Amino acid sequence: MSQHRYMPQTAEDIEKMLDRCGAASVDDLLADIPAELRMKAPYDLPPEHSEIEVRRFFKRLRDNNEPLVCFAGAGCYDKYTPAVIPSLMSRSEFLTAYTPYQPEISQGTLQYIFEYQSMMCSLTGLDVCNASMYDGATATAEAMMMCVAAARKRNRVLIAETVSPVVRQVVATYARYHKVQLDTVPQTAAGVTDREALSRMLAEGEPVAGVIVASPNYWGILEDFTGLADEVHGAKALLVMNCHAADLAVVRTPADWGADIAVGEAQSLGMPMNYGGPGLGYMCCTKALMRKMPGRIVGATTDAEGRRCFVLTLQAREQHIRREKATSNICSNQGIMTLWAAMYLSVMGEKGLREAAELGYAGAHTLAEQIVETGTAELAYPESPFLNEFVVRLKYAAADDVLLMAQAHGILAGVKVDEDKLLIAVTEMRTQDEIDDLVSIFSFFTEETA
């Protein structure tokens, strides 16, 4: 029997492997590991449990969770999920179908990827969509790399300060290890990209390969990018727009703004927040850039008998020969999360997507107006239009105080973005009663309680 209870090798198996390796013992095999890094005692693991004991253990963990009414956003949103989606997703043929390694015999998988791509192209207005990226942040980083690859001899990229700081951190990490010069375009006092500064940065210094902006931006503001594409293209650079997928049902699309690449987080397409994941990074681009895209592209064709079928039109070569020169290979997101998004878009349809966005818009503007009316806070960017997310500046309290009091009343009041500022989001899931409850929290923090 094996000396390790959860490893299948017997003593005889271990002896054969050691003999093949030319090692006298397992300790001899691990001799290159410094002694100070070697474990001196067994793992501190609990004893085995029966099935019912395991269930009780996880139930106790679950019962410790404190469900809160969510007004937080900043990239992850409490969205409505049609009941049909988790029901269908639990079917084994969907739940276990990931990357189509033998693609042409996986017609069902290829079809829903094709449908996902088609619907995302409709949302963004662009020509091509891949399948897919792990999240919106890495999708944005990959878009930066596409800009550099397309520009060949340029390795400088500009990113707006109004892009989510989390996304900018991920992009900066990619830039550092790919030796890309990443410069940040400052924002104005109105919370939007400083276009004058952007113009100067395009004209001065090293030539620019790409410019990355967001709509809505991190503060929830819908920026006016009129003329931006012409300016960026005039500098022989590419324009990348980071957008939350669901918002594209009601706002101007990246194609409308003249963007070359659209990327972002698709968690807003009905995916549960689930403590931060999984999400889905989408990427769409113009036809001219499709061979620079990471991931895979599924296309439709006909077989030898004239029947409609699906094939991998383009695929990254990392599983074959390119190795370190390959673009990203995304596996599970090609299966479960693209299917989730395809189901959501199919079930909701254009009308449902628009209705959900309009409910969020109405709720957010109602909440913003009522908070301002309390006299305890003001909009941080009152002149800038927003969709369903906005920033308030507290007059008489710290952001932490509001968050703690709201939590005590079962509410997650938003995301702290400064000592006296909260970023608040409203989706179609929030009711008027819940909005009233949050307003009452703000009403408490008056000049007298300061």
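About the criteria used
- Residues numbered from 1 in each chain as written.
- Predicted model: local features only at pLDDT ≥ 70, side-chain atom pairs only at ≥ 80, totals over all residues.
- Heavy atoms only, no water.
- Helix = DSSP H or I, 4+ residues; strand = E, 2+ residues; numbered from the N terminus.
- Buried < 20%, exposed > 50% of the residue type's maximum accessible area, 1.4 Å probe, protein only.
- Areas by Shrake-Rupley, 256 points an atom, 1.4 Å probe, with all protein chains shown as cover.
- Lys, Arg positive; Asp, Glu negative; His and termini not counted.
- Charge placed at Lys NZ, Arg CZ, Asp CG, Glu CD.
- Pairing = 2+ DSSP bridges.
- Axes fitted to C-alpha atoms, helices over the stretch in contact; angles between N-to-C directions.
- Core = buried A, V, L, I, M, F, W, Y, C linked by side-chain atoms within 4.5 Å.
- Phe/Tyr/Trp six-rings, centres within 6.5 Å; stacked < 30°, edge-to-face > 60°.
- Lys NZ or Arg CZ within 6 Å of the ring centre and 35° of its normal.

With that out of the way, let us pick up the overall build of the protein. If you tally the helices and strands in the protein, you get 14 helices and 15 strands. On the principal axes, the C-alpha backbone points of the protein span a range of 75 × 55 × 50 Å. Burial status across the protein gives 46% buried among its 450 residues. Of the accessible surface of the protein, which amounts to about 23700 Å², a share of 53% is contributed by carbon and sulfur atoms. Charge separation in the protein, taken as the distance between the mean sites of 40 positive and 59 negative side-chain charges, equals 9 Å.

With respect to topology, four strands assemble into an open sheet ordered 11-12-15-14, the strand pairing being antiparallel. Unpaired on one side and paired on the other, strand 11 (377-379) and strand 14 (415-418) mark the two borders of the sheet. Here the strands of the sheet are splayed against their neighbours by 35° on average, with no regard to which way each runs. Bridge count between strand 14 and strand 15 (residues 421-425): three bridges; the pairing is antiparallel. Considered in strand 15, the bridge of lysine 416 is made with leucine 422.

Counting 92 residues, the largest nonpolar core has Met120, Val211, Leu239, Ile261, Leu269 and Tyr282 as its most contacted members. Leu403, Ala406, Ile411 and Ile424 belong to the second largest nonpolar core, which has 26 residues in total.

Let us look at the packing of aromatic side chains. Evaluation of the coordinates by the stated rule reveals seven aromatic pairs. Their ring planes at 50° and their centres at 5.2 Å tell us that phenylalanine 114 and phenylalanine 310 sit as a pair that is tilted. Placement of phenylalanine 114 in helix 6 (residues 107-124) and of phenylalanine 310 in strand 10 (residues 308-315) is noted, with a sequence separation of 196 residues between them. The exposure class of phenylalanine 114 is buried, given its relative accessible area of 16%. For phenylalanine 310, a relative accessible area of 4% translates into the label buried. Aromatic side chains phenylalanine 444 and phenylalanine 445 sit 5.2 Å apart centroid to centroid with 90° between the ring planes, which places their arrangement in the edge-to-face category. Each member of the aromatic cluster is reached from another via a ring pair, and the members are Tyr218, Trp219 and Tyr381. Positioned over the ring face of tryptophan 257 is arginine 252, at 3.8 Å from the centre of the ring. Over the ring of phenylalanine 71 we find arginine 430, and its NZ or CZ is 5.9 Å from the ring centre.

Along the polypeptide, methionine 133 turns up in the loop between strand 2 (128-129) and helix 7 (136-151). On the basis of relative accessible area, methionine 133 is assigned to the buried category, the value being 1%. Taking the C-alpha atoms as reference, methionine 133 lies 41 Å from leucine 18; in sequence the two are 115 residues apart.

Mapped onto the fold, arginine 20 is located in helix 1 (residues 11-21). Assessed through its relative accessible area of 77%, arginine 20 is described here as exposed. Once the C-alpha coordinates of arginine 20 and alanine 413 are considered, the two residues, 393 residues apart in sequence, prove to be 61 Å apart.

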